[in-house]
Amino acid sequence: MAQAVTTPLTQNVLREGLILPRTPDPAVMVIFGASGDLTARKLMPALYNLALNRYLPSGFSVIGVADTALSEAEYKANMAEAVRKFSRTQPVDHAVWQSVADGLSYVRMPFDDADGYGRLAAELERMDRERGTNGNRVFYFATAPQFFPVIVERLGASGIARAGQGWKRVVIEKPFGHDLKSAQALNQAIHAVFTEQQVYRIDHYLGKETVQNVLVFRFANGIFEPIWNRRYVDHIQITVAEDIGIERRGKYYETAGALRDIFQNHLLQLLSIAAMEAPANFDADTVRDEKVKVLKSIHPIEVAKDVIRGQYGPGWVGGQQVPGYRQEQNVSPASTTETYVAARLRIDNWRWAETPFYLRTGKRLPSRASEIAIQFKNAPHLPFARTAIQDLAPNVLVMRIQPHEGASLKIAAKIPGPVMRLRTVNMDFFYGSSFLIESPDAYERLVLDCLLGDPTLFAREDEVERAWGLADTIEKSWGMQPAADFPNYAAGTWGPEAADALLERDGRRWRRP
Amino acid sequence: MSGEHGELSTRTFVDVHAIQDELEQVRWGLHENGEFSEAAEHAAAEARASVLNLIAVVGSERQLTEVSHVLDALSVTNPSRTLILLAQHDRSAAKLEAEVSAQTRTESGHRVTTERVLLHAHGEVAAHLASLVDPLLIPDLPVVLWWPGRPDFDNPLFDDLCQLADRLVVDTDEGFETPDLQRLLEVARREHAGASIGDFNWARLIPWRHLAAQFFDMPGMLVHLAQIQGVAVYHGRDGSTAQARLLGGWIRGRMTTLGMEVPVELRLDDAHEHGVCRFLIYSRGQDGQARFSISHQPGGRLSAEVRVDEQDFVDRTVRLARRSAEELLAIELTLPGHDLLFEEALAASLR
Ligand SMILES: NC(=O)c1ccc[n+]([C@@H]2O[C@H](COP(=O)([O-])OP(=O)(O)OC[C@H]3O[C@@H](n4cnc5c(N)ncnc54)[C@H](OP(=O)(O)O)[C@@H]3O)[C@@H](O)[C@H]2O)c1
């Protein structure tokens, strides 16, 4: 007869050696802003696809919160429609959707309404009772940032944030603050109710397979890390290019601009990942410590010299004539908001001293592309006399994040024949086909990580504040000297001339991504 | 040619993102329903190699057919992303159609895939096709712009595409006049990243230049080179004089490097139909008089003759191989960088 274990189990020993992903604990996700665009386009489709791949625990439930009057049936119908329209896998599996919809309910209330939180608390308790969610909660803020503080405050005041047993987590959409001061204030408001360990700040770029692949590429393949430094790398270019304009987001964009919208978060995240040292392990905090170190080692920027801003005028993109930024809806005809930023950064550490990092982002550029390009130095000695080597560009390793995730390596190869002639060959790797599996959407990964309690791919407080500090320096210098030459690039071109000059000064050129 | 030749899919689009998605699909051999084909499994194991982006601009359906044939033949040796622009600058309403296809060939066990996009534009969009080309190019690879026929230099499309291109390939035999040659030179000399120029017509002059150079390799002949008085280039009555100008420009440009200014005379030879038919180099000095001549002979041959101080001798005769557009283009695709001799000849021909 087996001896009973007397101490309580802290680990499921049966899980040992099983590589199947863990299933999260049963939980309720409360979506604030449940009738909004993000919920329809990203969140619901992500939840459905997670269910489809059996990642969601049974009993997983969702409470949508918003102010539109909707019956539960209407709300479910809206969400079903959203999934039908936006799911990456088609057609929608009816039975799977039904299982998600069974755990779906809707609470109508304005975010500042104390009574509403009473009803929400009652609904949460009902879920715990009927669906066994044990007090585990994810509070997902899928709404405009001005509501974040009031929701946090009410969650605290109503006791929901701490009620019963089980874990509580908050997911916060971007933008996280507007500058360093507001980000600090927001952090403070959140920490009045939640600890940092409970906070999950979304930067959906981090949920992309390729971004994670950059880490794997660097740290799991012995051959890259030894050359990932100033001795072999000439410079690094990080691009987040969009061909779209500002769509209907004029009101928001006027107060944000490219610096806040993309540079402060996505571009700096990509920079951290490309430049960071190998973490001792893949614990959330170890990885994030290394990322923060990169931000801390950024050499003080001389804004006037190293940062270029731009705004698009009318032009042609993708075979279509498009208006300039100042002609867009809800934009001032004299707007000085930037739609383009390029910066030359240096990182003061042993690995990267003297290796420039060129970052750029812009709207209405000729194509959409997000990538990290590592430009290696020329081969030190070329033994192939008289082969017009000067025309062979050096090796480039590119990690593409959007639109089609993948990696490519540019190499020189000999043209078959008796004469030694070389030519550039691009070897392309496509993650999708290497594994014959379609990549999940970033939101699926991030939602699942949050349910599992893994914050590695979320931005930490100090990370966000560091990044804002940098953005503030730039913003401050710009504020003292409003751009006089806007618009300074035509839609459908690769940004203002000054951005080209920024690299030409160093004897380099921007890539065509 | 051995091997299979498969068209994976052909569809019509107008949206650049849709074209990009489709390109990605055909590139990796994905079927429309998202399933992975045999080609995809192959790609997964191999990764995909490409060597260049090729843009061809045509003005009519007829030209499209000709160009497609040439490109088909090239796809094996040059795995590339090929964009064919059928730009009809007419007054019709703006209209844009795109067709994406992939040619996969298996050549002694190796699979080579070339993706091809045909962009067919009418009206105003035709002039702005470059805005659709940029997002469809493979990064990091050279962009070769092949413009069969005489480009419409004044259309914005020409300049916009030249901005994107690393190399512009033309055939100046297609009615290029002096201002057109001037434009070519401007493209090559543009301050920011001028495109290099490839010219089929220049390639056709290679045997002429060879023979001319060989004259002065003969013992005792080099002295005459330093005493050149002038050259005459005879050309046929049809077509442009570009070839004759380039040949004259070549010798002129070369001699300039020695500090000599050589007069070049272009003469019409009514008896001849097309292109350069005779090339004469005169020299006179303390070493006597000499005349070096190269003539086009019936039956596609070139004969070279030298007369020194009234004494004639036939030097040699070579066959003048007619090269197809396909061969000429294949050469252009592998040439890297600027052809400085060509640019020198072009500049000298315009002096
Ligand atoms: N949309 C995207 O693709 C996207 C991408 C990245 C990040 N984000 C971020 O995600 C967040 C949400 O964006 P969104 O585009 O989904 O916004 P949205 O479409 O405007 O949705 C806002 C949601 O908040 C609710 N709401 C607004 N005021 C309320 C109030 N006083 N009381 C109760 N409910 C209220 C609205 O509900 P009612 O209208 O029913 O009142 C609606 O459900 C933002 O922080 C945004 O920056 C969005």
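Residues numbered from 1 in each chain as written. Chains lettered and ligands numbered in written order. Predicted model: local features only at pLDDT ≥ 70, side-chain atom pairs only at ≥ 80, totals over all residues. Heavy atoms only, no water.

Moving on to the overall build of chain B. Looking only at helices and strands, chain B has 13 helices and 16 strands in total. In chain B, buried positions account for 55% of the 351 residues. Counting contacts in chain B only where the partners sit at least 6 residues apart, residues at least 24 apart contribute 72% of the total. A total accessible area of about 15,200 Å² is found for chain B, and carbon and sulfur atoms account for 49% of it. (Helix = DSSP H or I, 4+ residues; strand = E, 2+ residues; numbered from the N terminus. Buried < 20%, exposed > 50% of the residue type's maximum accessible area, 1.4 Å probe, protein only. Contact = heavy atoms within 4.5 Å. Areas by Shrake-Rupley, 256 points an atom, 1.4 Å probe, with all protein chains shown as cover.)

Before going further, it helps to examine the site of the ligand. Residues and elements named next belong to chain A. Surveying the vicinity of the ligand reveals 21 residues, the closest of which are Ser35, Asp37, Leu38, Arg41 and Thr68. In the environment of the ligand, an oxygen atom lies 2.7 Å from a nitrogen or oxygen atom belonging to the backbone of Leu38. Interatomic distance of 2.3 Å between a side-chain N/O atom of Thr68 and an oxygen atom of the ligand. Within the complex, the protein chains bury 70% of what would otherwise be the 890 Å² of accessible surface of the ligand. The greatest single-element share of the shell around the ligand, amounting to three residues, is contributed by helix 1 (residues 37-52). Partitioned by chemical class, the residues of the shell around the ligand number 11 nonpolar, five polar and five charged. (Near = heavy atom within 4 Å. Polar contact = N/O pair within 3.5 Å; in protein donor to acceptor, adjacent residues only side chain to side chain. Nonpolar A, V, L, I, M, F, W, Y, C, P; charged D, E, K, R; others polar.)

Before going further, it helps to spend a moment on helix 7 (residues 178-189) of chain B. All names here are of chain B. Taking 1.5 Å of rise per residue, 12 residues should cover 16 Å, and helix 7 covers 17 Å from first to last C-alpha, within 8% of that figure. All buried positions along helix 7 are accounted for by Asp180, Leu181, Leu184, Leu185, Val187 and Ala188. Projection of helix 7 onto a plane perpendicular to its axis shows the buried side chains occupying an angular sector of 155°, all on one side. Where helix 7 is buried, its residues touch helix 6 (156-164), strand 9 (167-170), strand 10 (196-199), helix 11 (242-256) and helix 13 (340-349). (Expected span 1.5 Å × (residues − 1). Arc of directions from axis to C-beta.)

Summarising the model, chain A shows a mean pLDDT of 89, and 89% of its residues fall at 70 or more. Note that residues 386-390 of chain A has pLDDT below 50 and, in this model, five contacts with residues that lie over four places away or in other chains. (pLDDT = per-residue confidence, 0-100.)

This part is about the pairing of strand 13 (residues 357-362) of chain A. Regular strands place their side chains on alternate faces of the sheet. All names here are of chain A. Burial analysis of strand 13 places six of its six residues in the buried class, the great majority of the element. Bridge count between strand 12 (residues 340-345) and strand 13: six bridges; the pairing is antiparallel. Bridging across to strand 13, Val341 finds its partner in Thr361. (Pairing = 2+ DSSP bridges.)

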